[in-house]
Amino acid sequence: MKRSERDDKIFADRVNNFVGSGAFIIGQSIFLVAYMIYQLFAGNPFDPYPFVLCNLILSFQAAYTGPFVIWSQNRAAARDREVIEHIRSMVEQIGTLVQQIKSLEEQTKAKIEEMEDDLESADKRPC
């Protein structure tokens, strides 16, 4: 991956994290309420009700940030797929190890039974 592509993807993640943060939502809400109050009660408002300029700005913001959010979500999905594949690989390795442990357990049980049989036969022999 080229450096500029990586930087772009990191930028998209940062935009997504900022736009989706509580601080951004609260800050934008406070700004919008203040904007509307000013426009409603100002003597000479530059954007009177129905706030066409405000609507235009919010539409631009949504259109501009939307692709960044989608891009970041696609990257997160790709990372999730990598993690799932890694977990699947680990589960397969664990399954193999469990089978090996079961095999060793069976071999150990067989050895113990063999040793017990040898011990019983040694006890039955006359000294």
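Residues numbered from 1 in each chain as written. Predicted model: local features only at pLDDT ≥ 70, side-chain atom pairs only at ≥ 80, totals over all residues. Heavy atoms only, no water.

Moving on to the side chain of Asp47. With respect to the element layout, Asp47 can be found in the loop between helix H2 (22–41) and helix H3 (52–124). Put simply, Asp47 is tucked away with no salt bridge, and the nearest opposite charge, on Arg14, sits 32 Å away. At a separation of 2.5 Å, a polar atom in the side chain of Asp47 contacts the side chain of Tyr35. Separated by 3.1 Å, the side chain of Asp47 and the backbone nitrogen of Val52 make a polar contact. (Helix = DSSP H or I, 4+ residues; strand = E, 2+ residues; numbered from the N terminus. Buried < 20%, exposed > 50% of the residue type's maximum accessible area, 1.4 Å probe, protein only. Lys, Arg positive; Asp, Glu negative; His and termini not counted. Salt bridge = Lys/Arg side-chain N within 4 Å of Asp/Glu carboxyl O. Polar contact = N/O pair within 3.5 Å; in protein donor to acceptor, adjacent residues only side chain to side chain.)

Let us look at the packing of aromatic side chains. Counted according to the given criterion, the structure contains nine aromatic pairs. Residues Phe18 and Phe24 carry aromatic rings whose centres are separated by 5.0 Å and whose planes lie at 65 degrees to one another, so their mutual orientation is edge-to-face. Measuring from ring centre to ring centre gives 5.9 Å for Phe31 and Tyr35, while their planes differ by 35 degrees; the resulting arrangement is tilted. Here Phe31 and its partner Tyr35 are both found in helix H2, four residues apart, which amounts to about one turn of the helix. For Tyr35, a relative accessible area of 11% gives the class buried. (Phe/Tyr/Trp six-rings, centres within 6.5 Å; stacked < 30°, edge-to-face > 60°.)

So, on to a nonpolar patch on the surface. Where nonpolar side chains cluster on the molecular surface, the patch consists of Val33, Met36, Ile37, Leu40, Phe41 and Tyr49 and spans about 680 Å² of accessible area. Summarising the element assignment, Phe41 is placed in helix H2. Given a relative accessible area of 68%, Phe41 falls into the exposed group. (Patch = residues over 30% accessible without salt bridge, like charges linked within 9 Å, V, L, I, M, F, W, Y side chains within 5 Å. Areas by Shrake-Rupley, 256 points an atom, 1.4 Å probe, with all protein chains shown as cover.)

We now examine unusual backbone geometry. Residues apart from glycine generally show negative phi values, whereas peptide bonds are mostly found in trans. In this model, Tyr49 is joined to Pro50 through a cis peptide bond whose omega is 20 degrees. Position of Pro50 relative to the elements: it lies in the loop between H2 and H3. Look at Phe51: it is not a glycine, yet its phi comes out positive at around 55 degrees. Position of Phe51 relative to the elements: it lies in the loop between H2 and H3. Here Phe51 falls in the buried class, since its relative accessible area comes to 10%.

The tally for this structure, following the rule as stated, stands at four salt bridges. Notably, a salt bridge pairs Asp13 with Arg75, separated by 2.7 Å at the nearest N-O pair. Pair noted here: Asp13 is in helix H1 (residues 3–19) and Arg75 is in helix H3, with a separation of 62 residues, a long-range link. Here Glu85 and Arg88 are joined by a salt bridge, their closest N and O atoms 3.0 Å apart. Highlighted residues: Glu85 and Arg88, both in helix H3, separated by three residues, approximately one helical turn. Taking relative accessible area as the criterion, Glu85 reaches 44% and is therefore assigned partly exposed. Assessed through its relative accessible area of 44%, Arg88 is described here as partly exposed.

We now examine the confidence of the model for the protein chain. Counting all residues, the mean pLDDT for the protein chain is 90, and 97% of those residues have values of 70 or more. Least confident of the elements in the protein chain is H1, whose mean pLDDT is 82; most confident is H2, at 94. (pLDDT = per-residue confidence, 0-100.)

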